[in-house]
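Structural features, examined
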Amino acid sequence: MPSTILRVVLSVVFVATAPLLGVGFYYVFIAPRFNPLRKLAGPPVRWLFDNHLSFLLNPYRSPKAHATFVRKYGRHVRIRGLGPWDDRLLPLDPVSVAHVLKNSMIYEKPWQSRRFITSLIGCGMLAAEGVVHKRQRRVATPAFSIQNLRSFVPVVFTKGNELLEKWCEMVDSTGDTNEGVKIDVCHWISRATFDVIGLAGFDYHFNAIQNESDELFHAYKEMFEIAVSQSDGLRTVIGIYIPLFNELFPDERVQTVKRCQEVIERVAGKLIQQKKSRILETDQECAGKDLLSLLIQSNLATDLPPDQRISDADILHNINTFMFAGSDTTSLALTWTLYLLAKHPEVQCRLRAELLEAAPSTPVSRLTSEETESLYNVLSNLPYLNDVVRESLRLVPPVHSSLRVATRDDEIPTSYPVCLRDGTISHQKSIRVAKGSFVHVPIEAFNLDKEIWGEDAWDFNPDRWVTLPETVFALPGLFSNLLTFSAGPRSCIGMRFSMIEMKTFLYLLLINFVFSETDKEIFKANVVLTRPYVTGQFKAGSQCPLLVKKYARQDV
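Residues numbered from 1 in each chain as written. Predicted model: local features only at pLDDT ≥ 70, side-chain atom pairs only at ≥ 80, totals over all residues. Heavy atoms only, no water.

Below, the discussion takes up the pairing of strand β13 (residues 529-534). Consecutive side chains along a regular strand alternate between the two faces of the sheet. Counted residue by residue, β13 has 6 buried out of 6 residues, so it is predominantly covered. Both faces of β13 are covered, namely the face carrying Leu529, Arg531 and Tyr533 and the face carrying Thr530, Pro532 and Val534. Relative to β13, strand β12 (residues 522-527) is paired through 6 bridges, and the arrangement is antiparallel. Bridge pairing in β13 places Ile522 opposite Val534. Turn length for the β12-β13 hairpin, with the two strands adjacent in sequence and antiparallel, is 1 residue, and the turn residue Val528 shows positive phi of about 70°. (Buried < 20%, exposed > 50% of the residue type's maximum accessible area, 1.4 Å probe, protein only. Helix = DSSP H or I, 4+ residues; strand = E, 2+ residues; numbered from the N terminus. Pairing = 2+ DSSP bridges.)

Quick look at the structure:
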């Protein structure tokens, strides 16, 4: 009798699972054979579930991998993603990648990426797609006008001045100003950019430069640093594909994210309601000039149709997005710039000389808002400062690469011959991409391509911007033919704000301090963003210790 019951149970299980196994077998082993990307040349795999992601996503290996792929397989490479079902296109052709980024309704972020982003900061502009993204972008665009961003210049100068005063205290506390002090610039720049985006974003005082006790600051910081850069890769993947897994078996990361989100929703949600009430009760012209106030004003504008407005939840999600994009990416870009200047003291000295020549006789702390804005106008047009910033953003883009998925069959145009799997060369003018195929957008690869930028493309050389090769001008990009801020309808909306922060902080810090390397070895790791770590101390989180001493005239 028990054996009969067992046979019945096994029969039911087989009947129930056989169709699923059949469908799974088809999509894993049969369907990929009809993928048009299979015709392209690409690197081999060693076993069934081997992939090429470690070559492409690791900043230590990716420059050599990209160069090797171009040499062996041309500029349209077939690569393996997570499994045998996941053939992807790696386009290293400017025309091809421009098409992908321009047509954002055809090439969207994959649902896996959107689910991960949404699980942290909600469905703001970073995660939204299609008409939802278009609606959110339309509401947010007025807040990022040149006129509005210029009004934030005094805020950036104030916080930059506060940071340099803090560092002066730290240097003075050593008792030997000639030796300087070891400062983790990654940690401190992050605190300063949090302060800036707190005030510029929603007129909130984190006071992070002075201390890290603010509840909302701690929630954002803990979520961005611990929950993202210190997460377990395998659990993250499982959580994306099986969200219930994290609900049933929450680890420390999941509990941290949930706790931080509760704080953010409570504190930031209250700020949104207060701002909204104030705007509704008073003349909008008298409302605040922070991004949140401007976002709410834009959303309440009489010329905006009701169906184009966004919800309070969407506003909170976009504030979270501004916090992430406006603090983490800019702080990392500044950190890498200071690190590069410490490694190249001759560039640092030359830049400092240019900045000192532009410095007013009156201390920055005593300048009026109008005088501060006038000073920034001067800084924004300094040629060598501009070249140093562009070169740093080229060499170490905070966003290493991106991923898109085709929402329908498409033809991607090409400007280079296409190498095929059988060893032949095709002069076809396009590549067919099937619906559901992933396209890997290699931001770093275009920024470091030696065939485009020259043989010294992997070197830090700000002077390259004086006379660029003609090949550079064919590159897509929102900023100086760089993909660092992406391109197309989904390009970075806060690019100008980031430039204000970078140039202001570099000015204030370089005319007051000299930066040099310590005995610690720094390496790059692509953990959501390209972050600096000390060799042997990865678990300690992002770090970039530099030796900082006060500037004296004889140091030039």
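To continue, consider a nonpolar patch on the surface. A cluster of nonpolar side chains, contributed by Trp47, Leu48, Phe49, Leu82, Trp85, Trp111, Val237, Tyr241, Ile242, Leu244, Leu248 and Phe249, occupies part of the molecular surface with about 1200 Å² of accessible area. Within the residue set of the nonpolar patch, elements represented by two or more residues are α11 (233-241) and α12 (243-248). Inspection of the secondary structure assignment puts Phe49 in the loop between α1 (2-30) and α2 (53-57). The exposure class of Phe49 is partly exposed, given its relative accessible area of 36%. (Patch = residues over 30% accessible without salt bridge, like charges linked within 9 Å, V, L, I, M, F, W, Y side chains within 5 Å. Areas by Shrake-Rupley, 256 points an atom, 1.4 Å probe, with all protein chains shown as cover. Salt bridge = Lys/Arg side-chain N within 4 Å of Asp/Glu carboxyl O.)

Let's shift gears to the sheet that holds strand β11 (residues 513-517). Picture the strands of a sheet paired through backbone hydrogen bonds; they go either parallel or antiparallel. Strand order in the open sheet made by the 3 strands is β4-β14-β11, with antiparallel pairing throughout. Each having just a single partner strand, β4 (181-184) and β11 make up the two edges of the open sheet. Strand-to-strand, the axes of this sheet are offset by a mean angle of 40°, without reference to chain direction. Bridging between β11 and strand β14 (residues 545-550) involves 5 bridges; their strand directions are antiparallel. (Axes fitted to C-alpha atoms, helices over the stretch in contact; angles between N-to-C directions.)

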